[in-house]
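Each chain is listed here by its residues.
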Amino acid sequence: MDTVGPDTLLEVKGLKKYFPIRSGFFKKVTNHVKAVDDLSFSVATGETLGIVGESGCGKSTTGRTILRLIEPTAGEILFQGENLARLTPHQMRMKRKDMQIIFQDPFASLNPRMTVGEIIEEPLLIYNLYGSDKARKEKVRELLQVVGLKPEQAERFPHEFSGGQRQRIGIARALSLHPKLIVADEPVSALDVSIQSQVLNLMRDLQKQFGLTYIFISHNLSVVKHFCDRIGVMYLGRMVELSPKHALYQEPLHPYTRSLLSAVPLAKPKMKRERIILSGDVPSPANPPSGCTFHTRCPDCMDVCKTEKPPFIAMGDGRYVACHLYTK
Ligand code: SF4
């Protein structure tokens, strides 16, 4: 279990999200997709925690479940010590001011029929902030400037903006309620590479300016390398490794992390790294393999891996791994 201290903002304990699979005439529940299966970690104030893994590993479901946009099946979500999983819908709505999300697709996440000003103003209206119409509009203009857009662009519609600008609008909306935590779900993966770094730089500046804490979800280890302080690697709904960024890139412990990193281009092209190609596809989370769920693809698989689930163990220096290579 990840360590918790006085600066811990969020602590997730034993989080599970199972989606029922129904079949037959009476739509009986016959199985579950274990999208998030017993996840535990913490995030410190001002930290950026990256959550990385292939598509379908449960990283986006994790982000949404933490914010209770999806209801958890089990587990605790302690935000500043308060268990969000126990809050009533009304209490959770009030708490959500402190926790916002930035979505992957800036094209789909903005209402095309609203002006940009209306989109950013909407949360302020919902929470009845800034009293007068004039004060709210002024706040919207200020937020547009904070994210590098012009105040007069408030009158325009989303389709008049580029992808990078639309993501800036999404960020302005997320910032409008002065959140403490922002879950950024693949915030730059729909953008051109040249635009990606501009948006990441903006997010980093805003973090300093407003003391934000980020959970940064990505399938791309190259992107999180420059942005995150620590990185958690997920596979089939579980966290298999959690580590400070530099240690993870220098010496990945889990065979899955090693294979993911072997595909990341090196900064110096002359340096060579052996590419580890995994066999087979990611198994279905509705029917995960026994023991270590990675055993069907792992180049280091041993007999014990097929039957015993490896515990998530502390390796020192803030590193954790779930792998039998380190339990014997
Ligand atoms: Fe590979 Fe076994 Fe470690 Fe799983 S527990 S990652 S199968 S060595």
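To be clear, the structure that these remarks concern was listed above.
Just so you know, these numbers come straight off a predicted model, no measurement behind them. (Residues numbered from 1 in each chain as written. Predicted model: local features only at pLDDT ≥ 70, side-chain atom pairs only at ≥ 80, totals over all residues. Heavy atoms only, no water.)

K.L.:
Help me out: how do you make sense of the pairing of strand 2 (residues 28–44) in this one?
P.N.:
Put simply, side chains in a regular strand alternate between the two faces of the sheet. The sheet contact formed by strand 1 (residues 8–23) and strand 2 spans 13 bridges and is antiparallel. Its bridge partner being in strand 2, Glu11 is matched across the sheet by Ser42. (Pairing = 2+ DSSP bridges. Helix = DSSP H or I, 4+ residues; strand = E, 2+ residues; numbered from the N terminus.)

K.L.:
Where do I start with the site of the ligand in this structure?
P.N.:
If you check the shell around the ligand, you find His254, Pro255, Cys292, Phe294, His295, Cys298, Asp300, Cys305, Cys323, His324 and Leu325 and nothing else. In a pocket analysis with a 2 Å cut-off to the grid points, the ligand is assigned to the largest cavity. Its residues placed into classes, the shell around the ligand shows seven nonpolar, three polar and one charged. (Near = heavy atom within 4 Å. 1 Å grid on protein atoms, 1.4 Å probe; cavity = no way out; pocket = protein on both sides within 12 Å on 5 of 7 lines; lining within 4 Å. Sits in = over half its atoms within 2 Å of the grid points. Nonpolar A, V, L, I, M, F, W, Y, C, P; charged D, E, K, R; others polar.)

K.L.:
Explanation requested: the packing of aromatic side chains in the structure shown.
P.N.:
Between two aromatic rings, the relevant description is the distance of the centres plus the angle of the planes. The tally for this structure, following the rule as stated, stands at seven aromatic pairs. Note on Tyr214 and Phe227: the rings are 5.7 Å apart at their centroids and 35 degrees apart in plane angle, and the pair reads as tilted. Note that Tyr214 is positioned in strand 8 (residues 213–218) and Phe227 in helix 7 (residues 221–227), a separation of 13 residues in sequence. What makes Phe227 buried here is its relative accessible area of 5%. Ring geometry for Phe216 versus Phe227: centroids 4.8 Å apart, planes at 45 degrees, classification tilted. Placement of Phe216 in strand 8 and of Phe227 in helix 7 is noted, with a sequence separation of 11 residues between them. (Phe/Tyr/Trp six-rings, centres within 6.5 Å; stacked < 30°, edge-to-face > 60°. Buried < 20%, exposed > 50% of the residue type's maximum accessible area, 1.4 Å probe, protein only.)

K.L.:
Would you mind going over empty space enclosed by the protein with me for this structure?
P.N.:
Rolling a probe over the atoms, with the probe sized like a water molecule, indicates the empty space that remains. If you walk through the whole model with that rule in mind, you get one cavity of 30 Å³ or more. Reported here for the largest cavity is a volume of approximately 70 Å³. (Points joined across faces, edges and corners; volume = space filled by probe spheres on them.)

K.L.:
Explain the layout of surface pockets to me, please; I cannot follow it from the model alone.
P.N.:
Its volume calculated, the largest pocket comes out at about 520 Å³. If you go around the largest pocket, you meet 23 residues; those closest to its centre are Gln100, Ile101, Phe103, Pro123 and Arg173. Those elements that place two or more of their residues in the lining of the largest pocket are strand 6 (99–102), helix 3 (116–126) and helix 5 (163–175). Along the lines of polarity and charge, the residues of the lining of the largest pocket split into 14 nonpolar, five polar and four charged.

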